Amino acid sequence: MEVPFLSEIVIIFLLSIGVTLVCNRLRLPATVGFLITGVLCGPTVFGFVTDREAIDQVAEVGVAMLLFTIGMELSGEALSRLKRPVFLGGSLQIGLTIAAVAGLALAYGTNWQRGVFWGCLVALSSSAIVLRILQEKGASSTPTGRLSLAILVFQDIMVAPMLLCVPLLAGTLDLSLEQAALSVLKVALILGGVLVVAHFGLNRLMEAVMRTRTREILLLTTLGLCLGMALLTSYLGLSLSLGAFLAGLLLARSQYSMSVISGILPYRDVFMSLFFISVGMMLNVGYFAGHFVTIIVGTLLFVLIKSVLTLPAVLVQGYPLRAAIITALSLAQVGEFSFVLAAQGLGAGLFDMDAYQNFLAVSVLTMMLTPGLIAVAPAVAGAVARLRGRNAPAVPEEGAKKDDALEDHLIIVGFGISGKHLAHVAHESGIPYTILEMNPETVRRYRDKEPISHGDASQPVVLEHLGVEKARVLAIIISDPAAVRAITIEARKLNPNLYIVARTRFVTEVAPLHSLGANEVIAEEFETSIEVFSHVLAQYLVPRQDIDAFAAHLREANYRMIRRMSNSVDSLADAVGRLPDMGVQAMRVGPDSPLCGQELKDCGLRPNYGVTVVAILRHDEVEAAPGPHFRFEVDDVVYIFGRKDKLLAVKPVFSGPVRGHDEGGAQAAIA
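Residues numbered from 1 in each chain as written. Predicted model: local features only at pLDDT ≥ 70, side-chain atom pairs only at ≥ 80, totals over all residues. Heavy atoms only, no water.

Caption draft 1: Spotlight on the overall build of the chain. Looking only at helices and strands, the chain has 30 helices and 10 strands in total. Going through the 671 residues of the chain one by one, you find that 46% of them count as buried. Entry remark: accessible area of the chain is about 32,700 Å², with carbon and sulfur atoms responsible for 62%. (Helix = DSSP H or I, 4+ residues; strand = E, 2+ residues; numbered from the N terminus. Buried < 20%, exposed > 50% of the residue type's maximum accessible area, 1.4 Å probe, protein only. Areas by Shrake-Rupley, 256 points an atom, 1.4 Å probe, with all protein chains shown as cover.)

Caption draft 2: Structural detail: the state of the cysteines. Scanning the entire structure with this criterion turns up zero disulfides. Cysteine Cys-165 shares no disulfide, and the gap to the nearest cysteine sulfur, in Cys-120, comes to 6.1 Å. Judged by its relative accessible area of 32%, Cys-165 is partly exposed. (Disulfide = S-S within 2.5 Å.)

Caption draft 3: Representation of a nonpolar patch on the surface in the model. On the surface, a nonpolar cluster with roughly 890 Å² of combined accessible area is contributed by Leu-104, Tyr-108, Phe-292, Val-293, Val-297, Leu-301, Leu-304, Ile-305 and Val-308. With seven residues, helix α15 (residues 292–315) is the largest single contributor of residues to the nonpolar patch. By the element assignment, Val-308 lies in helix α15. Given the relative accessible area of 46%, Val-308 is considered partly exposed. (Patch = residues over 30% accessible without salt bridge, like charges linked within 9 Å, V, L, I, M, F, W, Y side chains within 5 Å. Salt bridge = Lys/Arg side-chain N within 4 Å of Asp/Glu carboxyl O.)

Caption draft 4: Spotlight on the sheet that holds strand β6 (residues 520–523). In spatial order, the strands read β3-β2-β1-β4-β5-β6; together these six strands make up an open sheet with parallel pairing. This sheet does not close on itself; its edge strands, each paired only once, are β3 (452–454) and β6. Along the sheet, successive strands turn relative to each other by an average axial angle of 15°, direction set aside. Note: strand β1 (residues 410–413) against strand β4 (residues 473–476), four bridges, orientation parallel. Note that in β4 the partner of Ile-411 across the bridge is Leu-474. With respect to the sheet, helix α24 (residues 524–539) is in contact with β5 (499–504) and β6, its orientation differing from that of β6 by roughly 60°. (Pairing = 2+ DSSP bridges. Axes fitted to C-alpha atoms, helices over the stretch in contact; angles between N-to-C directions. Contact = heavy atoms within 4.5 Å.)

Caption draft 5: Examining the sheet that holds strand β7 (residues 582–588) more closely. The four strands lie next to each other as β7-β10-β8-β9, forming an open sheet whose pairing is antiparallel. Two strands in the sheet have a free side with no partner beyond their single neighbour: β7 and β9 (621–624). Direction aside, neighbouring strands of the sheet carry axes that sit 20° apart on average.

Caption draft 6: Structural detail: the packing of helix α6 (residues 112–123) against helix α17 (residues 336–348). As a packed pair, α6 and α17 sit with axes 9 Å apart at the nearest point and diverge in direction by 160°. Judged on the interaxial angle alone, α17 and α6 are roughly antiparallel. Note on packing geometry: the crossing formed by α6 with α17 is left-handed. Residues Phe-117, Cys-120 and Leu-121 of α6 pack against Ser-338, Leu-341, Ala-342 and Gly-345 of α17. Here the contact of α6 with α17 is composed, by residue class, of five nonpolar, two polar and no charged. (Parallel < 35°, antiparallel > 145°, perpendicular 65-115°, else oblique. Left-handed = near helix turned anticlockwise from the far one by under 90°. Nonpolar A, V, L, I, M, F, W, Y, C, P; charged D, E, K, R; others polar.)

Caption draft 7: How the structure looks around the environment of Leu-121. Here Leu-121 lies in helix α6. Looking at Leu-121, the relative accessible area reads 0%, which means it is buried. Between the C-alpha atom of Leu-121 and that of Phe-337, which follows or precedes it by 216 residues, the distance is 8.5 Å.

Caption draft 8: Main features of the nonpolar core. Core analysis: the largest hydrophobic core is formed by 71 residues, its most contacted members being Ile-12, Phe-117 and Phe-275. No other element matches the 10 residues that helix α18 (residues 353–391) contributes to this core. Not counting residues up to four positions away in its chain, the partners in contact with Ile-12 are Thr-37, Cys-41, Val-49, Ile-55, Leu-274, Ile-277 and Met-281. Ala-457, Leu-466, Leu-498 and Ala-551 belong to the second largest nonpolar core, which has 25 residues in total. (Core = buried A, V, L, I, M, F, W, Y, C linked by side-chain atoms within 4.5 Å.)

Caption draft 9: Representation of the packing of helix α5 (residues 83–107) against α6. The interhelical angle for the contact between α5 and α6, taken along N-to-C directions, is 140°, at an axis separation of 7 Å. It follows from the interaxial angle that α5 and α6 lie oblique. Relative to α6, α5 is oriented so that their crossing is right-handed. Residues Gln-93, Ile-94, Thr-97, Ile-98, Val-101, Ala-102, Ala-105 and Leu-106 of α5 lie in contact with α6, whose contacting residues are Trp-112, Gly-115, Val-116, Trp-118, Gly-119, Cys-120, Val-122 and Ala-123. Of the residues belonging to the contact of α5 with α6, the class tally is 12 nonpolar, four polar and no charged.

Caption draft 10: A look at the environment of Val-362. Mapping Val-362 onto the fold places it in helix α18. Exposure remark for Val-362: the relative accessible area of 8% places this residue in the buried category. On a C-alpha basis, the gap between Val-362 and Val-303 in space is 9.9 Å, while along the polypeptide they are 59 residues apart. In contact with Val-362, not counting residues within four places along its chain, are Ile-295, Gly-298, Thr-299 and Phe-302.

Caption draft 11: A look at the packing of aromatic side chains. Scanning the entire structure with this criterion turns up nine aromatic pairs. Where Phe-87 meets Phe-154, the ring centres are 6.2 Å apart and the plane angle is 80°; that geometry is what we call edge-to-face. Of this pair, Phe-87 sits in helix α5 while Phe-154 sits in helix α8 (residues 143–157), placing them 67 residues apart in sequence. Judged by relative accessible area, which is 10%, Phe-154 ranks as buried. Taking the centre distance of 5.1 Å and the plane angle of 85° together, the rings of Phe-415 and Tyr-446 count as edge-to-face. Pair noted here: Phe-415 is in the loop between β1 and α19 (417–428) and Tyr-446 is in helix α20 (residues 440–446), with a separation of 31 residues, a long-range link. Taking the relative accessible area as the measure of exposure, Phe-415 reaches 4% and is therefore buried. For Tyr-446, a relative accessible area of 17% translates into the label buried. Taken together, the ring pairs connect Phe-117, Trp-118, Phe-351, Tyr-356 and Phe-359 into an aromatic cluster. (Phe/Tyr/Trp six-rings, centres within 6.5 Å; stacked < 30°, edge-to-face > 60°.)

Caption draft 12: Main features of α15. The terminal C-alpha atoms of α15 lie 35 Å apart, and with 24 residues this matches the ideal 34 Å at 1.5 Å per residue to within 8%. Inspection of α15 places Ile-295, Thr-299, Phe-302, Val-303, Lys-306, Ser-307, Leu-309, Thr-310, Ala-313 and Val-314 among the buried residues, and these make up the whole buried set. (Expected span 1.5 Å × (residues − 1).)

Caption draft 13: Main features of the environment of Leu-40. The residue Leu-40 is located in helix α2 (residues 30–41) in this model. Once the C-alpha coordinates of Leu-40 and Ile-12 are considered, the two residues, 28 residues apart in sequence, prove to be 9.5 Å apart. Those residues in contact with Leu-40 that lie beyond four places of it in its chain are Leu-15, Val-19, Val-45, Phe-46 and Gly-47.

Caption draft 14: The arrangement of the pairing of strand β2 (residues 433–437) in detail. Within β2, five of the five residues are buried, leaving the element largely enclosed by the surrounding structure. Neither face of β2 is left uncovered, since the one carrying Tyr-433, Ile-435 and Glu-437 and the one carrying Thr-434 and Leu-436 both have all their residues buried. The pairing of β1 with β2 spans four bridges and is classified as parallel. When the bridges of β2 are listed, Val-413 appears paired with Leu-436. Once you follow β1 into α19 and on to β2, the crossover reads as right-handed. Pairing geometry for β2 and β3, over three bridges, is parallel. Across the sheet, Ile-435 pairs through a bridge with Ile-452, a residue of β3. With α20 bridging β2 and the parallel β3, this β-α-β connection has right-handed handedness. (Right-handed = clockwise from strand over helix to strand, strands pointing away.)

The following block contains the structure:
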C-alpha cells in the first residue's frame, strides 16, 4: 500500500540531516539549514517534492504549535504587561508600515489600492522564525524578546482583516455594512463562549486527565485542545496560530502546564522543521539567477525600510534606542502569512506573476538573513547607541534624580523577582541602593515605592547618572546575555574598584563575564543543580552541615575551574589582589549558637574550621583583632577570614544546630 507523499517526507528528512550537519560545521543555525534543504527539494533544483500543498498544510500546524507553546510560557502577569506593547506597539508598527509603503507606491505611479496591499505584505513578520531563534538563544524573556512577541501577536490578530481587505482592494467583494457587523458579532460570540467554557471547565478536564496517570491521554488532550482551538479560529476567518496561542494561554493557567508543554515539544520541533523547508521550496532559483541584482537590492532596501519603520513602535513606549534597534532588526523579514496574502492578491489581480516571483525571492532571502540579523543586532545597537551618546547631551532618564550624596551604594540593574528580593533585603539591612529598569511599565508601577529609574545600563551616561563611580556593588540581574556583557564592560571602565555581581542563565557565560571584569557570576543552570541535590540529600536525612559543605565544595571547584578557563595571563599583582579562594564573611551569633558565652580561645574556630576572627561588631562598636579572652554574646556580628568553602561550612556554628538533625553536632565540634 502506498502512503501519499511518504517517500517525499523521507527524502526531505534525509536531505535535511546532511544539510544541517554541514551548516553546523559552518556554525550556521539549523534554521538556515532547513531553508536550504527546501531550496534543494523544490521544483527548480532537484524537484524531489511534487505535492507541495500537502507539505505546506503540515508546516502550518508547526507554526500553530509554536504559538501554542509560546502562549503556555506566558504567565498572567507577563500577559498583563504585554497589553500596551501588543496594541500600541503592534498597531503603530503595522500602521506606519502600510502608510509608508502606500506613499512610496503612489510616488512611483501605482494606485493606492496596490500600495495598501503591498504595505500589508511588508508589515507582517515571521512568528515562526523569530520566536524559534529567540527560544534557542534563551532570549524570549528579555525586554526585546517580549516586545517582539507582542508585535508578532498583534500581526497575527490582523491577518484576518488583511485577508478580508484583499477582495475589497481589488473591487471584487460586495459586502454590506450589516453583513460585516454580523460577521464580527459572530466571531466575538463564538470566541467569547469558548473562552468562558474553557475558563470554568478546563481545570476539571485536566484534573480528570491527570488522574488517569496515562501519558498518551494527556498528549491527545493537549493536541486536541491546541488544534481544536486553531481550527475554530480558522473557521472564523482568523489564523490557525492565533487559535493555538489562545489555547496555550488558557492551559498556562493550569497547574499541569509543565507536563503539557513537555509532551508537545518534540512534535512542535518536527512540524516547525517542515515549515522552514516549505518556505525554502518557494524560491525559484532560475528567476533568482536572472534577477540577482534586483532581488539583492530589494532585500537590502526591505530590511532597511522595515527596521526604520519598526523603531517608532518601540521608542514611543519609552524603551531605549538599543532595545528598539534589536527589536526592529529581529522583525525585519517577511511573515509566513504574507505568502497566503500574496497568493490571494495574485488571484485578485493586485499584482502580476513577475512581481509575485520577486516578492517570493525577497521573502525567502529575508527569512534566511534573520538568524544573522538577530545575532548582530546587539552589536549594531551598541555601536549606534555609543555614537549617539558621544553626540548627544547627557539627558537624565525618566524618574532619575541624581543624588550627589549617594555614595558606597548598591546599583540594581533589573527589577524582576531577583531584583525585588535584593532591593527588599538591602532596604531591611539599611544599605543605600538605586534601581535601573528598562521596562517603562515596571518603572511607572514602582516609581512611588522604590528609588527606581528608567534607562539602558549599557550606556555610560546612564551609569554615571546612577553614581557608578561612587558605588560599592553593581548587581546585574537581567536575562539578556549581550546586555549583561555590555554593562559589565562599561561599569568596569567607569569604576575599576566596583564589585560587579552578574546573573547569567548558562554556565558557558561565566568565563567570558569574568574576563570582561565581573567579580562574581551566578549561573542559574549551576545553582539550580545544587538546589536539586540539596533537596534530595535532605530527604535522605543527610545532616545540613554536610549538605552545605558539599555545596560549598562544588561551587568552589566549578567556579575556580571556570575562572581558569577564562583564559588570561594575569600579573602577579592582579592574582594577589583577587585571591579567588579566600574571602571575608560576616556571621551573626544566633541565640542557639554554641558560641554564646564562650571565649574566643575556647571556641576552636581556627583548628576545627580553618577560619580566623578578624573583627566583631557589638552595639555599633567594632572590636578589631579581638583578644583570646573576648566572650561571644547573642547578636554579635563576627567577621571571619578563610577559604570560601570553610566560610560556608562554619555557618551552623553561628546559627546553632539544625532541628531534626544531630543537635549536638555543632557543640561537639566546638568542644
